[in-house]
Amino acid sequence: MKLVKKVLLAGMVLAIAAGTVFAGGKQESAGGGGKTLIGVIMPTRSEERWIKDGNAVKEGLEKLGYAVELQYSDDDIPTQTRQIDDLITRGVKVLVIASIDGSALGTQLANAKAANVPVIAYDRLLMQSPNVDYYVTFDNYKVGQQMGNILVKGLSLDAPKKKPVIIELFAGSPDDNNATVFYQGAMDTLKPYFDNGTLQVPSGQTGFTAVATLRWDAAEAQKRMENLLSRYYSGNVVLDGILSPYDPMSLSALEACKAVGYGSGNKPLPVVGGQDCVVAAVKSIMAGEQYATILKDTRSLGAATVEMVDKIIKGQTISGLDTTQYNNGAKVIPSLLLDVVVVTKDNVQKEVVDTGYHTRAVLGL
Ligand code: BGC
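Residues numbered from 1 in each chain as written. Predicted model: local features only at pLDDT ≥ 70, side-chain atom pairs only at ≥ 80, totals over all residues. Heavy atoms only, no water.

K.L.:
Even after reading the chapter, I still don't get the sheet that holds strand E9 (residues 271-272), so can you show me in this structure?
P.N.:
One key point about sheets: their strands pair by backbone hydrogen bonds, in either a parallel or an antiparallel sense. Pairing is parallel in the open sheet, where 4 strands are placed in the order E7-E6-E8-E9. Where the open sheet ends on each side, the last strands, each with one partner, are strand E7 (199-200) and E9. Two elements, strand E8 (residues 241-243) and E9, share 2 bridges in a ladder whose sense is parallel. The residue of E9 that forms the bridge with Ile242 is Val272. Against the sheet, helix H6 (residues 177-195) contacts strand E6 (165-169), E7 and E8, and its axis sits at roughly 160 degrees relative to E6. (Pairing = 2+ DSSP bridges. Helix = DSSP H or I, 4+ residues; strand = E, 2+ residues; numbered from the N terminus. Contact = heavy atoms within 4.5 Å. Axes fitted to C-alpha atoms, helices over the stretch in contact; angles between N-to-C directions.)

K.L.:
Would you mind showing me how to read H6 here?
P.N.:
Here H6 is 19 residues long and its end C-alpha atoms lie 26 Å apart, about the 27 Å a rise of 1.5 Å per residue gives. Maximum bend of H6: about 40 degrees, positioned at Thr189, with proline Pro192 one to four residues after it. By the burial criterion, the buried members of H6 are Asn177, Asn178, Ala179, Val181, Phe182, Tyr183, Gly185, Ala186, Met187, Thr189, Leu190 and Tyr193. Looking at the buried residues of H6, the elements they touch are strand E5 (134-138), helix H5 (140-154), E6, E7, helix H7 (208-211) and E8. Its side-chain oxygen placed 2.9 Å from the backbone nitrogen of Asn178, Asp176 serves as the N-cap of H6. Of the residues trailing H6, Gly197 is marked for its positive phi of about 85 degrees. (Expected span 1.5 Å × (residues − 1). Bend = angle between axes of the 7 residues up to and from the residue. Buried < 20%, exposed > 50% of the residue type's maximum accessible area, 1.4 Å probe, protein only. Polar contact = N/O pair within 3.5 Å; in protein donor to acceptor, adjacent residues only side chain to side chain.)

K.L.:
Looking at this structure, how should I read the pairing of strand E2 (residues 67-72)?
P.N.:
Strand residues, when the strand is regular, have side chains that alternate between the two faces of the sheet. Burial analysis of E2 places 5 of its 6 residues in the buried class, the great majority of the element. Here strand E1 (residues 37-42) runs beside E2; their pairing, made up of 6 bridges, is parallel. Looking at E2, one finds that Ile38 is bridged to Val68. Note that the unit made of E1, helix H2 (residues 48-63) and E2 has a crossover that is right-handed. (Right-handed = clockwise from strand over helix to strand, strands pointing away.)

K.L.:
What exactly am I supposed to notice about the site of the ligand here?
P.N.:
The environment of the ligand is made up of 13 residues, and the closest members are Glu47, Arg49, Asp123, Asp176 and Asp276. Trp50 places a side-chain nitrogen or oxygen 3.2 Å from an oxygen atom of the ligand. Within the side chain of Lys296, one N or O atom sits 2.8 Å away from an oxygen atom of the ligand. Contact with the protein chains hides 100% of the accessible area of the ligand, taken as 310 Å² for the molecule alone. Taken atom by atom, the bulk of the ligand overlaps the largest cavity. If you list the elements that add at least two residues to the shell around the ligand, you get H2 and H6. Looking at the shell around the ligand residue by residue, the classes come out as 4 nonpolar, 2 polar and 7 charged. (Near = heavy atom within 4 Å. Areas by Shrake-Rupley, 256 points an atom, 1.4 Å probe, with all protein chains shown as cover. 1 Å grid on protein atoms, 1.4 Å probe; cavity = no way out; pocket = protein on both sides within 12 Å on 5 of 7 lines; lining within 4 Å. Sits in = over half its atoms within 2 Å of the grid points. Nonpolar A, V, L, I, M, F, W, Y, C, P; charged D, E, K, R; others polar.)

This is the structure we're talking about:
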């Protein structure tokens, strides 16, 4: 057998073993106007990043000639399940799903499987179901480590200290697997500083359940920060830093701090990071308030997803997948993991403005 043929054959065997080849999709489908129809489901339009995500995937797929049905679920689980079932009925050839509750879609994923529709979990892992084919996301554990590193750097935790550094902890939504992974990465990074007494949490709230924030709700985070401040920060206990996994939660926590005098006199605003590079957070970073955020470039995630969908439809092998990290409770999901960038005042111009992630106009520059 010729070498090329052998390599091709070996590739196919491997791909089939890993479940990475699907029968080439027909180049037409119901509702797609003769084009192959792809379903893209995003959790909510009320958070900036998902709008960017949705647009990036839709535009990329349309450029390749696909018809795209992009739908948002308003953070409402029954709406999301209905949308998925509807798209399956309409003959989508691939489903890209960013879930609200990662464990709530078992029936829909089984329906997709029965209709031979491959499913890509987008950014958030779809849990407890064998009917998930791929996961495309950022390296979430690394994101968590970066969240921890933001505090290590912003609070100079490696420099000698005369007294403990005081922080409080926030995590994301308990029904989103990412929230747990971010928190794990952050806490693993901060552990040595807890162990040697550099860091202290006056509320004692350090377990995931105690610090989680359902639906990443900024108002809920603000309420919790207000309660923490009134309960544990009377007298001269001063909050130095906050672990926060999401920009709107960070900004709300800062608001709660400002309301009790932080940011003036001898109480500087606590050091807080965030995630998603939302416009208000970028402005806050430029103004010297929020310390940092994590840029998850939705353009790259969108492009990676578009490439994955196209390969699935064409029956091509998808390479570069991690096949160890993401067990969804039913099986390990082959995952494409992208990198992120930590953004502070020092590199915000280069990483956010110069790359056009947000335009100067949007940032009011
Ligand atoms: C995403 C984050 C986002 C959060 C809230 C998570 O699943 O990975 O980027 O900040 O959801 O929408």
